[in-house]
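Fold and geometry: a report
Residues per chain are reported as follows:
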Amino acid sequence: MSEEIRNQGQEAPKTKPRKILPKSRIMASEQLSQLYQDTLAAKGRGEKIGWSASIFPQEIAEALGLYIVYPENHAAGLAARHQAEPFLNDAEAGGYNMDICSYARINLAYMDSLTAPGNNMPKPDFVLCCNNICNQLTKWYENLAKKFNVPMFLIDTVYNYTPTASQEKVKYVRRQIDDLITGLEKICGRKLDPKKLEHVMKISLRNKDLWREANELLAHKPAPISGFELFNYMSCMVCCRGKESTTAILEQLIREIDANIKAGKSTFPVEEKYRIFWEGIACWPYLGHTLKTLRKYGVNLVATGYVNAWGLDYELNDLDGLARAYIDLPNNNNNLDTVVQRRVEAVKQFSCDGVIYHVNRSCKVMDCQQYELQRRVQEATGVPFTSFDGDQADFRAYSEAQYETRVQGLVELMEERKQRLAREKEAAK
């Protein structure tokens, strides 16, 4: 029997309709691709290019017209596209233990070949490191500098035991920024133009305001978008915070969110029954699974400290203020009291019904304080929480079954609390 006859009377297989991306999302994707292309082109022209940690004073290199790429973003992209496994295996075969940050392992394996599917980073002529989010970065970037035999510029911010950095710490970091300027001027062969630096700082501050606004629009009930969508714009703030192209993207994103609010619509595809705060980095290899599981129960992620970490604030032309901003980060490099206070404020501002803590195998600093953070935030807000084991880029550290079970348990606790609060409200009438 021919295939044609065998299939007669049968319905043609249904194809899943292709999702139409919003304009802002397309712009963000194009921006990131352009960054890698421009950096490769600059390297081809003989210009000096650098690799940088994610929360480094980008204003200086941007004002000097240097092309910079970001290994953390590169590693996250590989993980999200399920292309990280060969790099993880190569790193571990080369002696890098699984307990080391997965971003570092991916990048330390990538440095041997400088070849990966999709975007590629050319060999750096210098590396930029700041330890305000993680001390592992220091050893990671030392390895890169040694491997490529290039200079490493380190901004040592020192752990912040007070709500805001002391003047002594600000002076300490400011001197390092001055040294950074001198060093990068020697590398690129030109002096830093104060007017250009002012322009870049102005753009960065504008983008900070837009990024915060986009995040804070999710305080609307129901939220006008699925909170997971903000993860798709992380590259704008990580890699291009000082660029006008980011301004255009975030303005477009806010227009799209505002349009949803005015129309009473949301990109969250089901009824928003519960709102949660997400603590920690996304599990990039399982972004789809983490989202779909929440969506199954009508749980929308409306707030996260991780997404808002790049909203650095300072005054124009104030390098002391710039130094302070890179010390006083929202969720890293800060004492537990400050971190708890910011989480409590967010839970209340965004009317969260629960909190999910990602116990990220890669992020030892955040994980070590999470158990006390969980206790204090719940004590201050009465909001239930759950946690799950995972990793930002290593797929082997995540269990779909565990995550689903933990989310189901949290939903039961959130529903129980909602009903109890409703009974108390009714009794108080």
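Note: the structure precedes this text.
So, here is what we can say about the structure in this document.

**With respect to the overall build of the protein**
From N to C terminus, the protein includes 16 helices and eight strands. In summary, the protein has a C-alpha radius of gyration of 23 Å against a globular reference of 22 Å for 429 residues, a match within 12%. Within the protein, the proportion of its 429 residues that are buried is 54%. Long-range pairs, those at least 24 residues apart, make up 80% of the contacts in the protein with a sequence separation of at least 6. Side-chain charges of the protein comprise 56 positive and 55 negative groups, with the mean position of each set lying 1 Å from the other.

**A word on the pairing of strand β3 (residues 126-130)**
Buried residues dominate β3, accounting for five of its five residues. Of the two faces of β3, the one carrying F126, L128 and C130 and the one carrying V127 and C129 are both buried. Direction of pairing for strand β1 (residues 49-52) relative to β3: parallel, over a ladder of three bridges. Bridged to S52 within β3 is L128. For the segment spanning β3, helix α7 (residues 136-148) and strand β4 (residues 152-155), crossover handedness is right-handed.

**A word on the pattern of salt bridges**
Counting across every chain of the model gives 23 salt bridges. The partner of K208 in a salt bridge is D313, with the nearest N and O atoms 3.1 Å apart. A residue pair is termed long-range when its members are at least 10 positions apart, and K208 in helix α9 (residues 194-216) and D313 in the loop between β6 (299-304) and α13 (319-327) qualify at 105 residues. Accessibility expressed as a relative area gives 7% for K208, which makes it buried. Judged by relative accessible area, D313 falls into the partly exposed class, the value being 42%. We note a salt bridge from E279 to R343, for which the minimum N-O separation is 2.6 Å. Separated by 64 residues along the polypeptide, E279 in strand β5 (residues 274-279) and R343 in helix α14 (residues 336-349) bring together distant segments of the chain.

**Structural notes on the packing of helix α4 (residues 71-80) against helix α6 (residues 102-113)**
Closest axis-to-axis distance for the α4/α6 pair is 9 Å, and the angle between their directions is 95 degrees. Classed by the angle they form, the pair α4 and α6 counts as roughly perpendicular. Together, P71, E72, H74, A75, A76 and L78 of α4 and Y103, I106, N107 and Y110 of α6 make up the contact between the two elements. Of the residues that constitute the contact of α4 with α6, the class distribution is seven nonpolar, two polar and one charged.

**Observations concerning the packing of helix α12 (residues 287-296) against helix α16 (residues 400-427)**
Close contact between α12 and α16 brings their axes to 10 Å; oriented N to C, the two are set at 30 degrees. It follows that α12 is roughly parallel to α16 by the angle criterion. Both α12 and α16 take part in a crossing whose hand is right-handed. Contact with α12, carried on its side by H289, T290, T293 and L294, involves E400, Y403, E404 and V407 of α16 and no other residues of that element.

Scoring rules and cut-offs
Residues numbered from 1 in each chain as written. Predicted model: local features only at pLDDT ≥ 70, side-chain atom pairs only at ≥ 80, totals over all residues. Heavy atoms only, no water. Helix = DSSP H or I, 4+ residues; strand = E, 2+ residues; numbered from the N terminus. Rg over C-alpha atoms; globule rule 2.2 N^0.38 Å. Buried < 20%, exposed > 50% of the residue type's maximum accessible area, 1.4 Å probe, protein only. Contact = heavy atoms within 4.5 Å. Lys, Arg positive; Asp, Glu negative; His and termini not counted. Charge placed at Lys NZ, Arg CZ, Asp CG, Glu CD. Pairing = 2+ DSSP bridges. Right-handed = clockwise from strand over helix to strand, strands pointing away. Salt bridge = Lys/Arg side-chain N within 4 Å of Asp/Glu carboxyl O. Axes fitted to C-alpha atoms, helices over the stretch in contact; angles between N-to-C directions. Parallel < 35°, antiparallel > 145°, perpendicular 65-115°, else oblique. Nonpolar A, V, L, I, M, F, W, Y, C, P; charged D, E, K, R; others polar. Left-handed = near helix turned anticlockwise from the far one by under 90°.

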